[in-house]
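Inside the fold
Below, each chain spelled out in residue letters.
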Protein chains: 2
Amino acid sequence: MGGHNEKIWTDDPRERLRVTAGFRLADVDPGGTPGFAGVGQKNADAALDAGVGELSNLQEMLFANSRSGDPLRVLLVLQAMDTAGKGGIVRHVVGSVDPQGVRLSAFKAPTEEERAHDFLWRVRRRLPEVGLIGVFDRSHYEDVLVGRVRALASPAEIEDRYEKIRQFENELVGQGTTIIKVMLHIGSDDQKERLAERLERPDKHWKYNPGDVDERMRWDAYMDAYQIALERTSTSAAPWFVVPAEKKWYARLVVQHLLIDALQRLDLTWPAATFDVAQEKARLAAT
Amino acid sequence: MGGHNEKIWTDDPRERLRVTAGFRLADVDPGGTPGFAGVGQKNADAALDAGVGELSNLQEMLFANSRSGDPLRVLLVLQAMDTAGKGGIVRHVVGSVDPQGVRLSAFKAPTEEERAHDFLWRVRRRLPEVGLIGVFDRSHYEDVLVGRVRALASPAEIEDRYEKIRQFENELVGQGTTIIKVMLHIGSDDQKERLAERLERPDKHWKYNPGDVDERMRWDAYMDAYQIALERTSTSAAPWFVVPAEKKWYARLVVQHLLIDALQRLDLTWPAATFDVAQEKARLAAT
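Residues numbered from 1 in each chain as written. Chains lettered and ligands numbered in written order. Predicted model: local features only at pLDDT ≥ 70, side-chain atom pairs only at ≥ 80, totals over all residues. Heavy atoms only, no water.

Some thoughts on the overall build of chain A
- Helices and strands together make up the secondary structure of chain A, namely twelve helices and five strands.
- For 287 residues, the compact-globule estimate of 2.2 N^0.38 gives 19 Å, and chain A sits close to it at 20 Å.
- With the C-alpha coordinates of chain A rotated into their principal frame, the extents come out at 70 × 50 × 45 Å.
- Counting every position in chain A, which comprises 287 residues, the buried fraction comes to 55%.
- Sequence-distant contacts, at least 24 apart, represent 82% of the contacts inside chain A between residues at least 6 apart.
- Carbon and sulfur atoms make up 47% of the accessible area of chain A, which amounts to about 12600 Å² in all.
- Positive and negative side-chain charges of chain A, numbering 39 and 44 respectively, have mean locations separated by a distance of 2 Å. (Helix = DSSP H or I, 4+ residues; strand = E, 2+ residues; numbered from the N terminus. Rg over C-alpha atoms; globule rule 2.2 N^0.38 Å. Buried < 20%, exposed > 50% of the residue type's maximum accessible area, 1.4 Å probe, protein only. Contact = heavy atoms within 4.5 Å. Areas by Shrake-Rupley, 256 points an atom, 1.4 Å probe, with all protein chains shown as cover. Lys, Arg positive; Asp, Glu negative; His and termini not counted. Charge placed at Lys NZ, Arg CZ, Asp CG, Glu CD.)

Observations concerning the sheet that holds strand 2 (residues 102–106) of chain A
All names here are of chain A.
- One open sheet holds the five strands; their spatial order is 2-3-1-4-5, and the pairing between them is parallel. Lying at the two open borders of the sheet, with one neighbouring strand each, are strand 2 and strand 5 (240–244). Neighbour-to-neighbour, the strand axes of this sheet turn through a mean angle of 20°, independent of strand direction.
- Pairing between strand 2 and strand 3 (residues 133–137): five bridges, direction parallel. (Pairing = 2+ DSSP bridges. Axes fitted to C-alpha atoms, helices over the stretch in contact; angles between N-to-C directions.)

Comments concerning the relation of the copies chain B and chain A
- The operation relating chain B to chain A is a screw motion whose rotation component is 180°, with 0.0 Å of axial translation and a residual RMSD of 0.0 Å. Considering both components of the superposition, the chain copies are consistent with a two-fold axis.
- A share of 100% of interface residues in chain B that are also interface residues in chain A marks the association as one of identical surfaces. (Least-squares fit on C-alpha atoms with pLDDT ≥ 70 in both.)

Let's talk about helix 11 (residues 248–265) of chain A
Residues and elements named next belong to chain A.
- A rise of 1.5 Å per residue sets the reference length of helix 11, with its 18 residues, at 26 Å; its end C-alpha atoms lie 26 Å apart and thus fit the reference within 8%.
- Within helix 11, 15 of the 18 residues are buried, which leaves the element mostly enclosed by the surrounding structure.
- Residue D267 follows helix 11 closely and has a positive phi angle near 55°. (Expected span 1.5 Å × (residues − 1).)

Things to note about the side chain of Q59 of chain A
All names here are of chain A.
- Considering the arrangement of structural elements, one finds Q59 in helix 2 (residues 41–67).
- By relative accessible area, Q59 is classed as buried at 3%.
- The contacts of Q59, once residues within four sequence positions are left out, are V97, D98, G101, I133 and L263.

Observations regarding the interface of chain B and chain A
- Contact residues are listed per partner, giving 43 residues for chain B and 43 residues for chain A.
- Summed over both partners, the interface of chain B with chain A comes to about 4000 Å²; 62% of that surface belongs to carbon and sulfur atoms.
- Area buried by chain B at its contact with chain A is led by R91, W206 and L284 of chain B, which between them contribute 19% of it.
- Linking chain B to chain A there are six salt bridges.
- Salt-bridge contacts for E200 of chain A lead to K281 of chain B; the nearest nitrogen and oxygen are separated by 3.3 Å.
- At the boundary of chain B and chain A, one finds 18 residue pairs in polar contact (both at pLDDT 80 or more).
- For the side of chain B that touches chain A, the secondary structure elements donating two or more residues are helix 2 (41–67), helix 3 (86–92), helix 8 (188–200), helix 9 (210–216) and helix 12 (277–285) of chain B.
- In terms of residue count, helix 12 of chain B provides more of the side of chain B that touches chain A than any other element does, six residues in total.
- Among the residues forming the side of chain B that touches chain A, the class breakdown is 21 nonpolar, six polar and 16 charged. (Buried area = accessible area lost by both parts, 1.4 Å probe. Salt bridge = Lys/Arg side-chain N within 4 Å of Asp/Glu carboxyl O. Polar contact = N/O pair within 3.5 Å; in protein donor to acceptor, adjacent residues only side chain to side chain. Nonpolar A, V, L, I, M, F, W, Y, C, P; charged D, E, K, R; others polar.)

Topic: the packing of helix 12 (residues 277–285) of chain A against helix 8 of chain B
- Two numbers describe how helix 12 of chain A lies on helix 8 of chain B: the axes approach to 10 Å, and their chain directions differ by 170°. Taken together, the axes of helix 12 of chain A and helix 8 of chain B lie roughly antiparallel to each other. Across from V277, E280, K281, L284 and A285 of chain A in helix 12 of chain A, the residues of helix 8 of chain B making contact are K192, L195, A196, L199 and E200 of chain B.
- A breakdown of the residues in the contact of helix 12 of chain A with helix 8 of chain B according to their chemical character gives six nonpolar, no polar and four charged. (Parallel < 35°, antiparallel > 145°, perpendicular 65-115°, else oblique.)

Concerning the pattern of salt bridges
All names here are of chain A.
- For the structure on display, the rule yields 52 salt bridges over all chains.
- In this structure, R194 and D190 form a salt bridge, with 2.8 Å as the shortest nitrogen-oxygen distance. One end of the pair, R194, and the other, D190, are both in helix 8 (residues 188–200), four residues apart, so they sit about a helical turn from each other. Side by side, R194 and D190 carry an identical accessibility label, which is buried.

Some details on the packing of aromatic side chains
- Under the definition given, this model contains 16 aromatic pairs over all chains.
- Aromatic pair W206 of chain A and F63 of chain B: ring centres 5.6 Å apart, planes at 80°, arrangement edge-to-face. Taken together, the residues W206 of chain A in the loop between helix 8 and helix 9 (210–216) and F63 of chain B in helix 2 connect one chain to another.
- Aromatic pair W249 of chain A and Y250 of chain A: ring centres 6.5 Å apart, planes at 90°, arrangement edge-to-face.
- A relative accessible area of 13% means that W249 of chain A is categorised as buried.
- Aromatic rings pair up to connect W9, F36, W249 and Y250 of chain A into one cluster.
- Of note, R126 of chain A hangs over the ring of F107 of chain A, and the distance from its end group to the ring centre comes to 4.4 Å. (Phe/Tyr/Trp six-rings, centres within 6.5 Å; stacked < 30°, edge-to-face > 60°. Lys NZ or Arg CZ within 6 Å of the ring centre and 35° of its normal.)

Let's talk about the pairing of strand 3 (residues 133–137) of chain B
Residues and elements named next belong to chain B.
- Counting buried positions along strand 3 gives five out of five residues, so the element sits mostly inside the fold.
- Two elements, strand 1 (residues 73–80) and strand 3, share five bridges in a ladder whose sense is parallel. Bridge pairing links L75 to G134 in strand 3.

Looking at the sheet that holds strand 2 (residues 102–106) of chain B
Residue and element names in this part refer to chain B.
- Pairing is parallel in the open sheet, where five strands are placed in the order 2-3-1-4-5. With partners counted over all chains shown, the strands left at the sheet margins are strand 2 and strand 5 (240–244), one partner each. Within the sheet, the average angular offset between the axes of one strand and its neighbour, ignoring direction, is 20°.
- On top of the sheet, helix 7 (residues 155–174) reaches strand 1 and strand 4 (177–185); it is set at about 135° to strand 4, its chief contact.

Quick notes on the environment of G51 of chain B
Residues and elements named next belong to chain B.
- Considering the arrangement of structural elements, one finds G51 in helix 2.
- Counting along the chain gives 202 residues from G51 to L253, while the straight-line C-alpha distance between them is 8.7 Å.
- Other than its neighbours up to four places away in sequence, G51 contacts Q256 and I260.

Given below as structure tokens:
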């Protein structure tokens, strides 16, 4: 089970990329393709296409079950430095699923109203409804990442947030939410190239923000903040996966795999009719 | 302009399908393919694929312009009898666009809170943000369709709603919203077949609701309610298009065309940089 396909993977990326005790972000090669059995992008693109039908079918089954009262839902949390490819994941992996089955939430800097509440307040309000795949483009983790790097809260408050996040996610999992937390990992040099490309191309200027360079100057502090957040919040209930993302095709294939795997583990079947099928056939025939 | 492609269309469906004075729903053949130059589904599927890149590019440009203060947005309103294919349009046409550029809203029977407000209250709250393509799966038109057929409001109130809808839509258009209103039109016999298929297939049972047959028994009343709504609310600012939908491939191609056409009419270009490009290149190079 678990969507492990030997033609595509030598090792299940779910095992290879999961953050467990002793994990060190600095040891991850952002250009690597751990577990991938193919020889390059062409194989990966074919594998990605091949997964679309399965992911779509599983998503529809998740949705169908929610109609008959099943409380299951999936939450994909995407975190990354700028340009690492969150948008591409949303577009090319999540975008292959029926939009009616997806709830996408992008978290920007909190509004004044949001800042007046606990940091999890705005997150709770944007959880997917049952039966849906929710996708967080950034998330409550910003409050221990940018929050830490820019000292937007006291050290004691930041410290407290890791525990609050663990409790929050445990609570969600207990209610039937499968949480998949993905950090897309690129190197500093790769980011520099990608930002430079945005500056070279007039059709990409709108994606560039001078603030991106300001954040970039804090690269090492961000890596430290990620290391701590990954250590403190990768639980058995809601593990983190650090996905090398310099090769975009690899990252996309991994995230698709993680979604398919998570849905397969729910062991879904089509729900039984909640009405008398023979009687409905007769009623319909009479119209 | 307007995305009219002579290889695909003999006549622009925007002209052929628009509801103008003297329109009679009863005269529309739900199995027709007005304006389509091809010979069947195969040509249409190829044309649909060919349109994906263009629609995606236009959507991204719409989004990019909103970042620099452009108030433009697009709202696609989908209305139809059950099984006519709204879901397929969302999946196969809207679903080809980056999900980050789309805001999908499905309107069910109003909640108690919604019923306590004016019928447009819940609609206003779910309009797309500027820069997005909003899609209404059902809409404020339910309040003059099921509202009329089931007498959920007094005749005077229903009558008043047409005018309120016209005013509301004019207001939106004045603020920079392009509204595309589509009724997917199938025949009663075709609906019967499609409902029967849902009853035959256990993987489709979850889509079946005994209430669908109850509504089906009011088919003629619904057609009357559509006729009146189309007459009263197809304005030059926000016209209706009645799209024959027994051939799903035709309906999908038409809706894609209407979206591409609407976006092309906005005459978008990539927005100029709001920062000093040379200076940013220097800052980035120094990191």
